[in-house]
Amino acid sequence: TEREYPCKSIILATGVTHRHLGVPGEERLTGAGVSYCATCDGAFFKDKTVAVVGGGDVAVEDAIFLAGLCEKVYLIHRRDSLRAAKSLQEKLFTLPNVELVWNAAVEEITGEAFVTGVQLLDTQTKEERFVAADGIFIAVGIQPVSESFKSLVKTDEAGYICAGEDCCTSVPGIFAVGDVRTKKLRQIVTAVADGANAVNSVQEYFQTR
């Protein structure tokens, strides 16, 4: 049930969530072969076949990491070139157990109790292809958990709450910390630093009231 909590100031620390593909089987098989964290769940697929979906730094890093554990790794990307840093791509291309699947859009993640593979559609030829895999690692980006605040504070085009190092938002008394705010580097250490900065900003805000 909804409740109201009177307060003099508020700190928004809602973070980000992994972007989903939104295809059949994804939600149902999450935790049963579908994962959004290779370093968290990769060990469960040792000596098995997995697929990574994405083409940025995180996707390539995941594929490289999983190649050291798994028998076979497919990297599935909907375009014909990767967006990842060149150094990461060069490392990836040296791995014999990694196969890149270009121009491929995921249509469905298959399986009953556990993942059995992915159904793909070639974005150019429109041909369909099935890739058998024991696990699917989705690395297509993150998105801020800020939908509830867009009418309250200013956000950028991607939905991140506009706030600088002082964590001040466009509304006096409302502060944003961690991954949900606009920043260059999103790591635990920067989120912790935001917490300290926000508390200091809150104290300064109270002093001016």
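Going by the structure above, here's the rest.
Each chain carries its own residue numbering, running from 1 in the direction its sequence is written. Local features in a predicted model are, by the rule used here, given only for residues with pLDDT of at least 70; side-chain atom pairs are given and counted only at 80 or more, and totals for whole chains, interfaces and linings are based on all residues. Side-chain metrics rest on all non-hydrogen atoms present in the structure, leaving aside hydrogens and water.

Moving on, we get to the overall build of the chain. Of regular secondary structure, the chain possesses 4 helices and 12 strands. By principal-axis analysis of the C-alpha atoms, the chain measures approximately 65 × 40 × 35 Å. When a residue's accessible area, from a 1.4 Å probe over protein chains only, is under 20% of the maximum for its type it is buried; when over 50% it is exposed; and in between it is partly exposed. Here the chain holds 209 residues, and 42% of them are scored as buried. It only takes one pair of heavy atoms within 4.5 Å for two residues to be counted as in contact. At a minimum sequence separation of 6, the contacts of the chain that also span at least 24 residues come to 54%. Summed over all atoms, the accessible surface of the chain reaches about 12100 Å², with 52% contributed by carbon and sulfur. A helix here means a DSSP run of H or I that spans at least four residues, while a strand means a run of E at least two residues long, and both kinds are numbered starting from the N terminus. Using the Shrake-Rupley algorithm and a 1.4 Å probe, accessible areas are obtained, with residue cover drawn only from the displayed protein chains.

What follows is about the state of the cysteines. Working definition: a disulfide is two cysteine sulfur atoms within 2.5 Å of each other. Here the structure, examined in full by the defined rule, presents 1 disulfide. Disulfide pairing is shown between Cys-37 and Cys-40; the S-S distance is 2.1 Å. Because the torsion about its S-S bond is 65 degrees, the bridge between Cys-37 and Cys-40 counts as right-handed. Among the cysteines around Cys-70, which has no disulfide bond, Cys-37 carries the closest sulfur, lying 13 Å off. Considering cysteine sulfurs only, Cys-168 is the nearest to Cys-162, which forms no disulfide, with 13 Å between them.

A few words on the layout of surface pockets. Only protein atoms enter the 1 Å grid used here, on which a cavity is any set of points holding a 1.4 Å probe that cannot leave and a pocket is any open set flanked by protein within 12 Å on both sides along at least five of seven lines; residues with an atom within 4 Å of a point are listed as lining. Grid points are joined across faces, edges and corners, and a volume is the space filled by probe spheres set on the points. Computed from the structure, the largest pocket encloses a volume of approximately 440 Å³. Around the largest pocket, the lining comprises 17 residues; the ones closest to its centre are Val-58, Ala-59, Ala-139, Gly-141 and Ile-142. For the lining of the largest pocket, the element with the most residues is helix α2 (residues 57-67), which contributes 5 residues. Each pocket or cavity is described by its volume, and for the second largest pocket that value is around 280 Å³. Looking at the lining of the second largest pocket residue by residue, the classes come out as 4 nonpolar, 1 polar and 3 charged. Side-chain classes are defined by residue name, with Ala, Val, Leu, Ile, Met, Phe, Trp, Tyr, Cys and Pro counting as nonpolar, Asp, Glu, Lys and Arg as charged, and the others, Gly among them, as polar.

Let's shift gears to the environment of Ala-113. Positionally, Ala-113 belongs in the loop between β7 (104-111) and β8 (115-122). Sequence separation of Ala-113 and Thr-49 is 64 residues, and the distance between their C-alpha atoms is 17 Å. With sequence-adjacent residues up to four places away left out, Ala-113 is seen in contact with Leu-29 and Ala-32.

This paragraph deals with the packing of aromatic side chains. Ring pairs are drawn from Phe, Tyr and Trp, using the six-membered ring of Trp, whenever the two centres fall within 6.5 Å, and their geometry is named by plane angle: stacked under 30 degrees, edge-to-face over 60, tilted for the rest. As enumerated under the stated definition, the model contains 3 aromatic pairs in all. On the numbers, 6.2 Å between centres and 75 degrees between planes, the contact of Phe-175 with Tyr-205 is edge-to-face. Here Phe-175, found in strand β12 (residues 174-176), pairs with Tyr-205, found in helix α4 (residues 188-207); they are 30 residues apart in sequence, far enough to count as distant. Residue classification places Tyr-205 among the buried residues on the basis of a relative accessible area of 14%. For the pair Tyr-205 and Phe-206, a centre-to-centre distance of 5.9 Å together with 45 degrees between the ring planes defines the contact as tilted. Members of the aromatic cluster, connected to one another through ring pairs, are Phe-175, Tyr-205 and Phe-206. If you follow Lys-72 out to its NZ or CZ, it ends over the ring of Tyr-74, 5.2 Å from the centre. In this analysis the charged atom, NZ for Lys or CZ for Arg, is taken to sit over a ring once it is within 6 Å of the ring centre and within 35 degrees of the ring normal. The aromatic ring of Tyr-160 is capped on one face by Arg-186, whose charged end is 3.7 Å from the ring centroid.

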